[in-house]
Every structure is written in C-alpha cells, then in structure tokens.
Amino acid sequence: MTLDWNEYIETAVQAAGEGIVLLKNDRNVLPLPAGCRVAVYGRIQTHYYKSGTGSGGLVNVSGVIGILDALLSCPDVSVNRELLARYREWEETHPFDEGIGWGNEPWSQEEMPLDYAAAAAAAAESDVALVIIGRSAGEDKDNKDVPGAYRLSATEKDMLKTVRAAHAKMVVLLNTGGIMDTQGLCDLAPDALAYVWQGGMIGGRGVCDVLTGRVSPSGKLTDTIAKTIADYPSSPYFGDAVRNFYAEDIYVGYRYFETAAPEAVLYPFGFGLSYTTFDVAVRSFSAENGTVRTAVAVTNTGGRRGKEAVQLYAQCPQGKLGKPKRVLVAFGKTRELGSGESQTLTFELAESLFASYDDGGVTGYPSCYVLESGTYTVYAGTSVRDVREAGSFTVEKTRVTETLKQLLAPERPFRRMKPRADENGMDWEGVPLSRESEPVRRAAAIPSEIPYTGDAGITLADVRRGGSSMEAFVAQFSDDDLSCVIRGEGMGSPKVTPGTAGAFGGVSAALKKFGVPCACCADGPSGMRLDSGAKAFSLPCGTLLACTFNTELVERLFFFTGLEMAKNRVDVLLGPGMNVHRHPLNGRNFEYFSEDPLVTGKMAAAQIRGLHSAGSTGTLKHFCCNNQEFKRAEADVAVSERALREIYLKGYEIAVKEGGADAIMTMYGSLNGMWAASRFDLNTAILRGEWGFDGVVMTDWWAVMNDYGASPSKTNFAAMARAQNDLYMVCLDAAVNSTGDNTLEALASGTLARSELQRSAANICRFLMKTRAFRRLSGTEDAVTVVNRPAEDRSFLPDEVVYHTLSDSLELDLSAVDTSKDADFVIALNTERLGGYDMELTGASDLGELSQIPVTVFSQGIAAGTFTWNGTGGAWLTQTRKICINMKYVIIRLYFSRNGLRLKNLKITFRVDKDAITDPQEYMQLF
Ligand code: BGC
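The name an unreviewed UniProt entry assigns to the protein chain is Beta-glucosidase, from the organism Treponema brennaborense. The heading Sequence similarities (unreviewed entry) in the UniProt record of the protein chain holds the text "Belongs to the glycosyl hydrolase 3 family."

The structure is reproduced here in structure tokens:
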C-alpha cells in the first residue's frame with residue numbers, strides 16, 4: 001500500500017475547510033475579493049491552536065500552517081505588515097504560555113492591548129479586519145464560564161470594540177475546539193463570524209480556502225448555540241465533584257431547545273451559511289413495510305459552487321413516554337454543485353430510528369424500543385429549524401421494534417425532565433429504578449471453564465489458519481498466563497514503538513512462545529501521539545470533522561491515518577473519542593463530535609472503516625459518559641436507562657454495528673454507582689450481548705474498578721475481568737505483577753472464575769489475529785510505502801530509539817547532538833528505581849552574556865521544566881535540576897528553541913526513593 005503524503009494533506013485541508021461553520025456574513029463581506037488587503041488582529045494569529053490539550057492533542061508535528069501562515073502565502077490577499085510587526089514585537093515580551101505540567105495550559109493567551117491609533121492606521125491601508133480569537137481546553141481541564149475561557153476577556157472585548165470602530169468590515173474567526181459565548185461576540189457586531197475550530201497542522205489552509213472563496217463554507221453546527229450558558233439544561237449539574245445528575249434525560253442539545261426553549265437558541269443545530277444558495281425539495285416519500293424512503297433534491301440556486309448538507313428530522317407522537325420535537329434520523333451531503341446544478345440524495349430509514357426506549361413500562365412494554373401509536377412526521381432541510389415536511393406515516397397501535405432487558409438502570413432515585421402531556425413546557429418525573437442488581441446477572445452468565453491442557457504446541461497462527469480452535473489455544477494458558485494477558489503495559493513500553501501509550505498481548509516470554517503478538521496502541525483522536533518526538537500528522541479535531549457532515553471524507557482521511565500508523569508500527573489508535581457533547585464546558589469536547597448521537601455514531605463508524613481499510617484499527621472511547629473532566633475518575637454519573645440507550649450509548653452502538661468497531665476503552669468514572677470498567681451490564685450484556693461486539697475492551701489508563709457496593713481501586717482486576725473489560729491499561733511491567741493486582745488471589749478464593757479470564761484471553765487473542773501486529777509477527781504484513789513526505793517532516797522509525805537502563809546513574813556524551821533551533825533530542829530510559837534523581841546538563845555558549853537559550857524538557861509530550869543558559873563565553877557550565885521519575889519507561893525529549901548552545905554531556909544520578917520524597921514541588925515531574 002502507498003501513503004501519498006500530498007493526498008493526505010489535501011484531504012485534511014479539504015476537511016479543515018469543510019468543517020468551518022459560517023454563522024454570520026452580513027453584506028457578504030466574505031469571501032474576500034481578489035487582491036483584498038487584510039489587517040489581522042488577535043495575538044493567537046502567531047500561534048494557531050491545532051487542537052486542544054492532553055492526550056488527544058499531543059501530536060508532534062514538523063510544523064503547523066496556521067491562518068496567518070496560509071494568508072501570508074496566499075497570492076490573492078495581502079496581509080498588513082505593520083500590524084503584524086506590532087504583534088510580533090509584543091510577542092517577544094509576552095511569549096506563548098504553554099503552562100508547565102499536565103492539564104496546565106491556559107484556556108487562552110494574554111491578548112495584546114490595542115490602541116485606536118494602531119487600528120486606525122491599519123484600517124487606512126486595509127479593506128477588511130480579520131480578528132482571530134483562540135481557545136483551548138482538554139483532558140483534565142474543563143473549560144470554565146469565566147473571561148478568557150468560555151467568555152471573552154476584557155482585553156479581547158476592548159480589541160473587538162477598537163477594531164469595530166476603526167474598520168468598515170470586521171470578520172471574526174474562532175479557533176477553538178468547542179463553542180464559546182457566541183452572544184458575547186455577536187454583541188460586538190462583527191459583519192462575519194465563523195467557527196473555524198482547531199484544524200490540525202494544516203488547519204490554516206482550510207480557513208484560507210474559505211476566506212478567499214476557493215471553497216464555499218458548508219460546515220454545519222453539530223451543537224446548538226444557546227444565548228447563555230445557563231440555557232443548557234445540564235448547566236445546574238455539570239461540574240459536580242460527587243454525582244452528576246443527568247436530570248435533562250434525553251433532552252440534550254436541540255432535543256431540549258426545540259422542545260422546551262426555542263427562544264433560548266442563538267444558532268440552531270445543523271445551521272451554517274454558504275456563499276451560494278440552495279433550493280431543497282422533497283421529490284418522493286414513502287413509508288412501507290417498516291422502511292421510510294425519501295428523495296431530496298438539492299439545487300444550487302446561487303452564483304457560486306458549493307455543497308449542502310441535507311438533514312432529516314423526525315417528529316414522533318408524544319405518547320406516554322414523551323418525545324423531543326425533533327430527532328435527527330439521517331443526513332447526507334451533496335458533491336460540490338455548480339450554479340444551477342442539482343443532485344438528488346436518497347435516504348432509506350429503518351423504522352427503528354423512530355422508536356423510543358421505554359425504561360419504565362408506561363407503554364405496557366417495559367425494556368423495549370417501541371413505536372407509540374400516532375403520526376410520525378419526517379422533515380427535510382438544512383438545519384433543525386430550516387425544514388419542510390417530507391411526509392408522514394401513522395402507527396395505529398403501539399408496537400415493539402426491539403425487546404431488551406433492563407440494564408444499567410439507576411439504583412438511586414432522582415428526577416428527570418419530561419414534556420408535559422399538553423406539550424406546554426417541561427415537567428419532572430422520578431427515574432425508573434433498577435429491579436435486579438448487576439451481580440445477579442453476572443453470576444448467571446459465567447461461562448463454563450475450558451479444561452487446562454498445558455502447552456499443547458498450538459500457536460495463535462494455527463488458530464488463524466483454522467488448524468485449531470481458540471478454545472484449544474486458550475486451554476494452554478496457565479493461571480499466570482491468564483493473569484498476565486489481561487495486563488497492558490506502558491506508557492512507553494519498549495516492547496512496542498517507543499513513546500506510545502501502551503502494549504498488550506504478548507507482554508511476557510510465556511505468551512510470546514504461544515505466538516501472541518504484542519500490539520501497540522497510541523493516542524489519539526487527532527493523530528498519532530509519539531512522545532519519542534517522532535513526527536506525525538495532526539488531524540482536524542473531532543468537532544470540526546463532525547461539522548463537515550461528510551462521512552466519506554472522514555473515512556478517506558482516516559484511511560491515510562491507518563497507513564501512517566502502519567509505518568510507525570502503531571496497530572491501534574486510541575480514538576475516536578465519541579462522547580456526546582452534553583455541556584459546552586466539557587474539556588474534551590474537541591475530541592468528541594456532537595450533541596447528537598447519530599452524527600456521533602456515523603462519524604466514529606466512518607473513522608473506523610477508514611482505519612480498517614488500511615489494515616489498522618481504532619478504539620472507541622470513553623465508553624460511555626465521560627462528559628466532564630473534573631473528578632473524572634471519581635464522580636458518579638446518575639442517568640436513566642432511556643437516556644443511556646437513546647443518547648449516550650447510541651453512538652457506540654452505531655460505530656459497532658455499522659463501523660465494525662473492534663476495540664473500546666471504558667471511561668474512568670462511575671456509572672449509576674459502579675465504575676464503568678467493572679460494569680458487566682455495559683461491557684458484556686449490552687456491548688456483546690445486544691450489539692454483537694466481539695472485540696476487545698480496555699480500561700482507560702490507570703483506571704479504577706470496584707465490586708458492587710464497594711470502593712474502587714486500581715488493583716481490583718478481578719472486578720474488571722468479571723465485567724469482561726478485558727484489559728487493564730496500564731502496568732509498569734506486565735510480565736511481573738507490578739501493579740499488585742488481585743487476579744490470582746481472586747481465582748484462588750473463587751470470586752473470579754477461571755473461565756472469565758479465559759473469555760477475556762480469547763477476546764484479546766481473537767482481536768490480535770486481526771491486527772498488523774499479528775501479520776508482522778507472522779511475516780504477512782503488507783508493506784506501506786510513503787511517498788511525497790517532505791524531508792523536514794521525516795520521522796525516525798521505531799527502531800531508532802534506544803532505551804538506556806538507569807539504575808544508580810547514567811552518563812551520556814551529548815557532544816554530537818544537534819542543538820540548533822527547533823531540534824529535539826530524545827533519551828529513552830528503562831528505570832530500575834522510581835524516585836528523585838539529579839539531572840545534570842553541561843553546555844556552553846559563545847553568545848552574549850545576556851542571551852537566553854532555553855532547553856525545555858518534555859516527558860510524555862508535556863513540558864516538565866526548562867534549563868536556561870546564558871552566554872558562557874565559551875566555557876562549560878553544568879546546571880543541575882531535581883527530577884522525579886514516576887514511570888519505569890520514560891522518554892525525555894530536550895527541545896532547543898534557540899540556536900547557540902553546545903552540549904557536552906548529561907548525567908542522571910539516583911538520590912531518593914519515590915516514597916521518601918517529601919516535597920514534590922522541588923522536582924521536575926517526569927511521567
Ligand atoms: C486518557 C485517554 C488516553 C490515555 C492514554 C488517558 O489519560 O483519558 O483518552 O487514551 O490516557 O494516553
């Protein structure tokens with residue numbers, strides 16, 4: 001297979017452009033006419049946010065093409081250089097603040113105060129002002145409703161007011177992963193306003209294409225933008241440290257706003273402007289034998305080329321259950337249509353799309369998906385608001401479309417929203433409670449044990465060839481093998497590509513002997529995170545990709561990512577992230593897609609199909625309600641079974657059934673009182689029993705599990721295995737029981753059945769047989785050739801990173817290291833003792849005494865601290881910092897941000913055990 005880097009780039013650029021959502025374009029200020037003179041405002045112009053932060057954003061790139069970079073190299077526009085020089089000069093004394101340590105990058109960067117004279121001078125020489133506002137948030141860092149985060153800062157407001165006063169035309173672009181206070185922006189009266197999101201390493205090119213009109217915007221909001229944050233029904237509960245009540249129930253996003261608070265909407269779900277206009281006409285509609293068919297013709301009635309996303313919504317009868325006014329049941333996107341050109345999109349909808357889940361039995365059919373009697377109307381249009389009726393069908397008598405069992409229902413009472421019977425506002429009712437506790441179901445489903453055979457000479461390759469059964473293969477595993485195969489290893493395990501999140505499968509010599517390969521998994525949803533410093537392609541963020549409403553495009557993009565993974569021996573991507581955008585402040589919304597489960601599921605399915613077609617695969621995460629980062633491993637989610645099935649699980653169901661997903665990561669937190677990784681209902685009864693999933697389920701990294709009613713712990717692997725969450729991610733050293741897990745103990749005491757471990761062993765091995773890791777081991781992997789990748793983007797390959805064993809001390813000669821500006825130097829350590837070390841770096845510089853030459857120390861991709869040299873007059877100078885090594889395998893990357901330093905050597909010397917450290921603040925923390 002061939003990975004053509006140019007095609008990869010062009011596909012990503014297309015996605016970055018297609019996901020842009022244009023909200024406002026008064027007087028048609030956009031597109032910019034040829035030759036347009038642009039004054040660019042906002043300090044973030046010099047540092048485009050390619051993604052949010054945390055594991056989903058740590059892609060090492062050779063460079064980022066931001067909006068400014070793209071405009072500067074665009075022949076159709078000219079950028080005001082005086083204004084740019086002003087920003088660049090200011091930035092010298094106000095450098096970008098990355099924050100030190102995990103989850104510490106600020107939501108925004110200090111804005112440059114702008115005086116009217118400067119804006120007026122720029123206005124005199126420019127046709128339009130372009131103001132870029134940037135926001136970040138991410139893992140372990142929820143957004144906040146404060147100035148400089150969800151809201152504009154005072155300096156940003158002043159800047160916008162000044163620009164508005166000085167310029168006749170003002171365009172505002174939002175470089176963010178999720179929505180921000182849009183009303184606050186609209187109050188400052190921009191002529192045009194667009195969410196350009198975080199578009200990955202080439203994001204600026206997509207923006208430039210839209211600004212200049214090379215591409216007509218066609219992105220649509222995958223979230224409702226309400227007037228104030230308080231309007232979101234989850235606002236009173238979001239952010240609770242102990243229990244987060246999903247009191248809004250299924251009324252998430254537009255389901256709530258269209259039903260109960262239409263006046264609170266500033267921009268509706270599905271909305272997005274184009275430079276051209278479209279006529280959308282329903283050509284046909286039929287509802288027969290449980291299938292709705294409709295054809296919708298889209299005609300470009302404007303003067304420019306463009307694409308349109310057609311959306312179909314259902315309005316179902318209120319019945320006894322209560323229904324949202326609108327539910328998205330399908331969407332499709334046209335090709336690029338020229339002026340006057342038409343395309344007809346056809347849709348075939350199964351009646352199950354119109355069914356609702358009765359979790360309390362009010363319809364007479366408890367635990368069933370039902371079509372309540374009444375009229376079902378389908379609307380077609382271009383946003384949840386801009387629709388026309390396509391047709392309708394009637395269900396005479398309430399009937400069941402799927403019979404299920406009560407699973408995952410809450411055990412503690414709370415109240416949830418429901419429309420009033422007269423459809424006049426919302427009412428409250430108690431949630432239906434669980435009738436049977438989960439351990440009863442698990443106990444009834446323990447499989448029978450496969451008798452232990454010892455080594456019968458069967459390898460996994462024999463199973464693959466069909467020469468042996470999986471049962472016979474797993475029968476060979478001793479208790480030790482079984483307890484070992486459920487341990488993932490990481491981060492940075494040297495058994496796989498250096499600097500990746502985890503390894504699993506053949507993690508011990510005994511397992512390897514059976515021909516079990518060791519698979520490599522790496523973050524994340526927006527491209528490969530290689531903490532070794534190897535370069536990778538950074539993709540547009542999840543929100544942006546979803547806003548394209550173009551599943552084919554997303555699938556194509558992830559085909560390239562799958563090939564890139566193969567080249568780096570990364571078998572399993574830790575993505576897509578696919579939780580529902582329940583609240584705008586969830587830090588990880590950028591990794592996820594939408595407030596709507598259908599869009600979420602279709603996008604995830606597209607990514608998985610793309611990865612699979614390249615022979616790689618991905619992991620759906622975080623199964624299933626990681627909807628806030630604050631206390632994510634501790635807080636409980638209190639949610640009804642109906643909301644789980646119709647909203648929070650639905651996307652996963654689609655990705656499994658339609659995308660063929662074969663790997664899933666459970667969330668950290670607790671779901672209705674029991675931690676997700678130990679929930680049998682989630683990982684066995686629903687996922688495998690109802691959906692037919694036959695892949696592998698892994699925990700999130702260092703997750704906790706609990707027995708029913710007990711406190712959670714990191715060592716309760718028995719609770720995990722009982723639930724059929726197959727793999728614990730991650731242990732320092734999987735071959736020995738470095739985490740101190742309770743698997744063997746639980747086997748001995750009978751609280752865990754041997755057959756439950758055999759079941760997970762079989763799941764893991766069955767999954768592994770499909771991976772590139774397996775084909776690599778058996779010599780049948782198809783090679784991937786990369787063409788057209790620029791030299792400066794060249795990434796070193798997995799074999800080029802060498803691990804050094806660190807016992808008491810280690811000294812490395814660094815005299816040959818390239819220390820020029822933007823160079824990286826990587827050291828991989830296999831540490832025998834965790835704890836405090838002295839790190840000594842010896843260097844010299846011929847630069848002037850006051851020059852500053854910082855060397856930033858990154859560990860697992862996060863800045864841990866900095867050594868700064870001044871000019872030394874050429875003499876060697878040794879600097880010592882205390883470092884704390886917290887993981888067995890650590891990759892340290894030294895990043896040189898200035899020229900002018902020579903290094904002599906590096907010395908690391910053990911000082912104190914980890915447990916004996918009294919003041920961690922004194923140490924640079926390396927993970
Ligand atoms: C994140 C996961 C990620 C894992 C490995 C966790 O902290 O929640 O999304 O895949 O780390 O980096």
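Visitor: What am I meant to see in the overall build of the protein chain here?
Guide: A tally of regular secondary structure across the protein chain gives 23 helices and 45 strands. Relative to the 2.2 N^0.38 estimate, which gives 30 Å for 927 residues, the radius of gyration of the protein chain is 28 Å and therefore close to what a compact globule would have. Overall size of the protein chain, expressed as C-alpha extent along the three principal axes, is 80 × 80 × 50 Å. For the protein chain, the proportion of contacts with a sequence separation of at least 24, taken over those separated by at least 6, is 78%. For the protein chain, the exposed surface amounts to about 31,600 Å²; the carbon and sulfur share of it is 48%. The average position of the 93 basic charges and that of the 113 acidic charges among the side chains of the protein chain differ by 2 Å.

Visitor: Explain the pattern of salt bridges here, please?
Guide: Oppositely charged side chains may form a pair once their charged atoms are brought near each other. Taken as a whole and assessed by the stated rule, the structure comprises 67 salt bridges. When the shortest N-O distance is used, the salt bridge between R388 and D386 registers 3.7 Å. Taking the relative accessible area as the measure of exposure, D386 reaches 38% and is therefore partly exposed. R642 serves as the salt-bridge partner of E646, at 2.8 Å between the closest nitrogen and oxygen. Within this pair, E646 and its partner R642 are both found in helix α17 (residues 641-648), separated by 4 residues, close to a single helical turn. When its relative accessible area of 2% is taken as the criterion, R642 is described as buried. Ionic contacts of the salt-bridge type, sharing partners, join the residues E139, D140, R588, E591, E629 and R632 into one network.

Visitor: Help me out: how do you make sense of the pairing of strand β2 (residues 21-25) in this one?
Guide: Regular strands place their side chains on alternate faces of the sheet. With 5 of 5 residues buried, β2 lies mostly within the body of the structure. Pairing between β2 and strand β7 (residues 192-195): 4 bridges, direction antiparallel. Note that in β7 the partner of N25 across the bridge is A192.

Visitor: What am I meant to see in the packing of aromatic side chains here?
Guide: Between two aromatic rings, the relevant description is the distance of the centres plus the angle of the planes. Counted according to the given criterion, the structure contains 30 aromatic pairs. Between Y246 and Y648, the ring centres sit 5.1 Å apart and the planes meet at 65°, which makes this aromatic pair edge-to-face. You can see Y246 sitting in the loop between β9 (243-245) and α8 (254-260) and its partner Y648 sitting in helix α17, a full 402 residues away along the chain. We note that Y246, like Y648, is buried. One aromatic cluster is present, built from ring pairs that chain together W5, Y8, F537, F559 and F560.

Visitor: Would you mind showing me how to read the UniProt feature "domain: Fibronectin type III-like" (unreviewed entry) in the protein chain here?
Guide: Under the present numbering, the feature "domain: Fibronectin type III-like" (unreviewed entry) in UniProt falls on residues 308-384. In residues 308-384, helix accounts for 0% and strand for 49%; the two terminal C-alpha atoms are 14 Å from one another.

Visitor: What is the right way to read the site of the ligand from this model?
Guide: In the neighbourhood of the ligand, 15 residues make up the surrounding shell, with E139, D523, R588, H622 and D700 lying closest. In the model, an oxygen atom of the ligand is placed 2.8 Å from a nitrogen or oxygen of the R588 side chain. H622 has a polar side-chain atom sitting 2.7 Å from an oxygen atom of the ligand. Burial of the ligand by the protein chains amounts to 96% of its free accessible area of 310 Å². Here the shell around the ligand is composed, by residue class, of 6 nonpolar, 2 polar and 7 charged.

Visitor: What is the right way to look at the sheet that holds strand β13 (residues 309-315) in this model?
Guide: Sheet strands pair by backbone hydrogen bonding; their relative direction is either parallel or antiparallel. Taken together, 4 strands build an open sheet; the order of strands is β14-β13-β18-β19 and the sheet is antiparallel. A single partner strand is all that each edge strand has here, and the edge strands are β14 (327-333) and β19 (387-395). For this sheet the average axis-to-axis angle between neighbouring strands, irrespective of direction, equals 20°. When β13 meets strand β18 (residues 374-381), the two strands line up antiparallel, connected through 5 bridges. Opposite Q315, over in β18, you have T377 as the bridge partner.

Visitor: Sorry if this is basic, but what is going on with helix α1 (residues 5-18) here?
Guide: What sets the pattern is the α-helix's 3.6 residues per turn: residues three or four places apart point alike. Between its first and last C-alpha atoms α1 spans 20 Å; for 14 residues at 1.5 Å apiece the expected length is 20 Å, and the two agree. Here α1 lies mainly inside the structure; 10 of its 14 residues are buried. Restricting attention to buried positions, one finds in α1 the residues W5, Y8, I9, T11, A12, V13, A15, A16, G17 and E18. Packed against the buried residues of α1 are β1 (2-4), α7 (203-211), β14, α14 (542-547), α15 (551-567) and β35 (785-787). For α1, the capping residue at the N-terminal end is D4, with a side-chain oxygen 2.9 Å from the backbone nitrogen of N6.

Visitor: Just to check I follow, could you spell out the environment of A154 for this structure?
Guide: Take A154: it is sitting in helix α5 (residues 154-166). For the pair A154 and P113, spaced 41 residues apart in sequence, the C-alpha separation works out to 9.8 Å.

Visitor: Before we go on, may I ask you to explain the packing of α15 against helix α16 (residues 597-613) in this structure?
Guide: Working note: a packed helix pair is described by the angle between its axes plus the distance between those axes. Following both chains from N to C, one finds α15 and α16 inclined at 40°, their axes separated by 7 Å at the closest point. Judged by the inter-axis angle, α15 sits oblique to α16. Between α15 and α16 the crossing geometry is right-handed. Contacts between α15 and α16 involve T551, V554, E555, F558, F559, T561, G562 and M565 on the former and, on the latter, K602, M603, A606, Q607, R609, G610, L611 and S613.

Visitor: Sorry if this is basic, but what is going on with unusual backbone geometry here?
Guide: Most peptide bonds take the trans form, and the phi angle of most residues other than glycine is negative. The linkage connecting G575 with the following residue, P576, adopts the cis geometry, with an omega of 5°. Mapped onto the elements of the fold, P576 is located in the loop between β26 (572-573) and α16. Positioned with a positive phi, N28 is a non-glycine residue whose angle comes to about 50°. As for its position among the elements, N28 is in the loop between β2 and β3 (36-41). The backbone of L408 shows a phi angle near 65°, a positive value even though the residue is not glycine. Among the secondary structure elements, L408 is positioned in the loop between β20 (399-403) and β21 (415-419).

Criteria and thresholds
Residues numbered from 1 in each chain as written. Predicted model: local features only at pLDDT ≥ 70, side-chain atom pairs only at ≥ 80, totals over all residues. Heavy atoms only, no water. UniProt positions renumbered as here; feature names shortened; annotations may be inferred. Helix = DSSP H or I, 4+ residues; strand = E, 2+ residues; numbered from the N terminus. Rg over C-alpha atoms; globule rule 2.2 N^0.38 Å. Contact = heavy atoms within 4.5 Å. Areas by Shrake-Rupley, 256 points an atom, 1.4 Å probe, with all protein chains shown as cover. Lys, Arg positive; Asp, Glu negative; His and termini not counted. Charge placed at Lys NZ, Arg CZ, Asp CG, Glu CD. Salt bridge = Lys/Arg side-chain N within 4 Å of Asp/Glu carboxyl O. Buried < 20%, exposed > 50% of the residue type's maximum accessible area, 1.4 Å probe, protein only. Pairing = 2+ DSSP bridges. Phe/Tyr/Trp six-rings, centres within 6.5 Å; stacked < 30°, edge-to-face > 60°. Near = heavy atom within 4 Å. Polar contact = N/O pair within 3.5 Å; in protein donor to acceptor, adjacent residues only side chain to side chain. Nonpolar A, V, L, I, M, F, W, Y, C, P; charged D, E, K, R; others polar. Axes fitted to C-alpha atoms, helices over the stretch in contact; angles between N-to-C directions. Expected span 1.5 Å × (residues − 1). Parallel < 35°, antiparallel > 145°, perpendicular 65-115°, else oblique. Left-handed = near helix turned anticlockwise from the far one by under 90°.

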